[in-house]
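# Breakdown of the fold
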Amino acid sequence: MQTCNITQVAKRAGVSVATVSRVINQSDSVTPETAKKVLAAIEALGYRPNVWGRSLRRGESRVVLLLVPNVSNPYYAPIIAGAEDILRAAGYSIMLCITNVDAARRGAYLDLLKSGRADGAILMDTVTDDRQMDALLEKYPLVQCCEYCANAAISHVSIDNYQAAREAVLRLIALGHTHIGFVGADNRFISTVRRREGYLAALAAQGSFLRAEDRTVAAGDYSYASGVAAAGQLLDRPDRPTALFCISDVLALGALLAAKERGLRVPEDLSVVGFDDVEYATMFAPRLTTVRQPCYELGSTAATLLLRQMAGEPGGQAHFLPHQLVERDSTAQPCR
């Protein structure tokens, strides 16, 4: 609890309240000698200025919005941590906004920019055809992280989802798999689109027969239960795939359970590849083969880009960070 007020500081320093305020706000109109007396009084009394009120008077909030689709997917946690570490070091706080990819909910959060209660936003829930971005970009600093729309004027940081998916599927082909199923998600994220395209490109490059019935979709939020159900649809087919490529680790972990429920051994009877390399990928047996994303760096890079924009630098930058295919116990040569 604050033990004194600005009036007491002014009395101790022998100056006016206005002079104390100018020192706190780092005004050049105060002499060094006077500023020294005021700072000594602040130190002696343990006074804590009202930073929130001062920020509002300056027309800034020192708050950044971080919009995420959900927090049930462990993928988002290190990204949030990376963004917060950079912003906190720069004197900003983050407001975590869970949108569920709901337009009304998202709009309510973004209204905080319009009312001056936030200075900028990092968007992790942008869909490919998001038209709201154009109007917002004209007035507010914005950076897209992981997901992004087609507007090249908005900065974004992500990985090359197409190439990462292609490499993962080509590795399954190199192991000898010719019948590879795909577990996607029912959403409009660029990552979903590009991973599916990478999967198809890898099969086409090897002359594999592309069949629509080898592809299925789980829930748009990549829930574990939907991964179990979606993978089960493919594994219940008489000519089931010998391998599954899943566009998230949570879906891939669901596929492991679907295989177990059907008496299939992984990787002897079925190889499974995920995407993201969340912590859970190594917590269960078999450990999951997956595409590793530099999640912490995605968040910290997005925050750095946003800070630069809030300092006046232009946006429109595209940053693609490196990915890595990590092979573990869930993939092997097919037994049949």
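The structure reproduced in this document is the subject of the present report. (Residues numbered from 1 in each chain as written. Predicted model: local features only at pLDDT ≥ 70, side-chain atom pairs only at ≥ 80, totals over all residues. Heavy atoms only, no water.)

## Points about the overall build of the protein
Helix and strand counts for the protein come out as 12 helices and 12 strands. For the protein, whose C-alpha radius of gyration is 26 Å, the value lies well above the compact-globule estimate of 20 Å for 336 residues. Looking at the 336 residues of the protein, the share that counts as buried comes to 51%. Once local pairs closer than 6 in sequence are excluded, the contacts in the protein between residues at least 24 apart make up 72%. Carbon and sulfur atoms provide 51% of the accessible area of the protein, an area that totals close to 15700 Å². (Helix = DSSP H or I, 4+ residues; strand = E, 2+ residues; numbered from the N terminus. Rg over C-alpha atoms; globule rule 2.2 N^0.38 Å. Buried < 20%, exposed > 50% of the residue type's maximum accessible area, 1.4 Å probe, protein only. Contact = heavy atoms within 4.5 Å. Areas by Shrake-Rupley, 256 points an atom, 1.4 Å probe, with all protein chains shown as cover.)

## Let's talk about the side chain of Asp276
Within the element layout of this structure, Asp276 appears in the loop between strand 9 (271–273) and strand 10 (290–292). Take Asp276: its relative accessible area is 3%, and that puts it in the buried class. Setting aside residues up to four positions removed in sequence, Asp276 forms contacts with Tyr75, Arg195, Ser248, Asp249, Thr290, Val291, Arg292, Gln293 and Cys295.

## Some remarks on the state of the cysteines
Joining two cysteines, a disulfide is a covalent bond between their sulfur atoms. Tallied over the full model, the rule gives 0 disulfides. In this structure Cys97 is not part of a disulfide, and its nearest cysteine sulfur, from Cys145, lies 14 Å away. Here Cys295 stays free of any disulfide, with the sulfur of Cys146 as its closest cysteine sulfur at 6.9 Å. Look at Cys295 and you get buried, because its relative accessible area is 8%. (Disulfide = S-S within 2.5 Å.)

## A few points about the nonpolar core
Among the nonpolar cores identified, the biggest contains 45 residues, and Val169, Ile180, Tyr199, Leu244, Phe245, Cys246 and Val272 are the most heavily contacted of them. Breaking this core down by element, the ones donating at least two residues are helix 8 (161–174), strand 6 (180–185), helix 9 (190–205), helix 10 (224–235), strand 8 (243–246), helix 11 (249–261) and strand 9. If one sorts the elements of this core by residue count, helix 11 sits on top with 7 residues. Leu66, Tyr75, Val143 and Leu306 belong to the second largest nonpolar core, which has 24 residues in total. (Core = buried A, V, L, I, M, F, W, Y, C linked by side-chain atoms within 4.5 Å.)

## Comments concerning the sheet that holds strand 7 (residues 215–218)
Hydrogen bonds between backbone atoms are what pair the strands of a sheet, whose relative direction is either parallel or antiparallel. The strand order across the open sheet built from 4 strands is 7-6-8-9, with neighbouring strands paired in parallel fashion. For this open sheet the edge positions go to strand 7 and strand 9, each flanked by a neighbour on one side alone. Strand-to-strand, the axes of this sheet are offset by a mean angle of 20°, without reference to chain direction. As paired elements, strand 6 and strand 7 share 4 bridges and run parallel to each other. (Pairing = 2+ DSSP bridges. Axes fitted to C-alpha atoms, helices over the stretch in contact; angles between N-to-C directions.)

## Quick word on the sheet that holds strand 1 (residues 63–68)
Across the sheet, which stays open at both edges, the 6 strands sit in the order 2-1-3-4-5-11 with parallel pairing between neighbours. Both outer strands of the open sheet, strand 2 (93–98) and strand 11 (318–321), are each paired with one neighbouring strand and no more. When the angles between neighbouring strand axes are averaged without regard to direction, this sheet yields 20°. Here strand 4 (residues 142–145) runs beside strand 5 (residues 155–159); their pairing, made up of 3 bridges, is parallel. Pairing of Cys145 across the sheet is with Val157, part of strand 5. In the packing of helix 12 (residues 295–310) onto the sheet, contacts are made with strand 1, strand 3 (120–123), strand 4, strand 5 and strand 11, and the angle to strand 4 comes to roughly 165°.

## Points about the pattern of salt bridges
Overall, the coordinates contain 14 salt bridges when judged by the stated rule. Asp125 is the partner of Arg106 in a salt bridge, and the nearest nitrogen-oxygen pair spans 2.9 Å. In this pair, Arg106 is assigned in helix 6 (residues 103–114) and Asp125 in the loop between strand 3 and helix 7 (132–137), connecting sequence segments 19 residues apart. Judged by relative accessible area, which is 2%, Asp125 ranks as buried. The shortest N-O distance in the salt bridge between Asp329 and Arg287 comes to 3.0 Å. On the criterion of sequence distance, the pair formed by Asp329 in the segment after strand 12 (324–326) and Arg287 in the loop between strand 9 and strand 10 is long-range, its members being 42 residues apart. On the basis of relative accessible area, Arg287 is assigned to the partly exposed category, the value being 38%. Via salt bridges that share partners, Arg211, Asp214, Arg237 and Asp239 belong to a single interconnected network. (Salt bridge = Lys/Arg side-chain N within 4 Å of Asp/Glu carboxyl O.)

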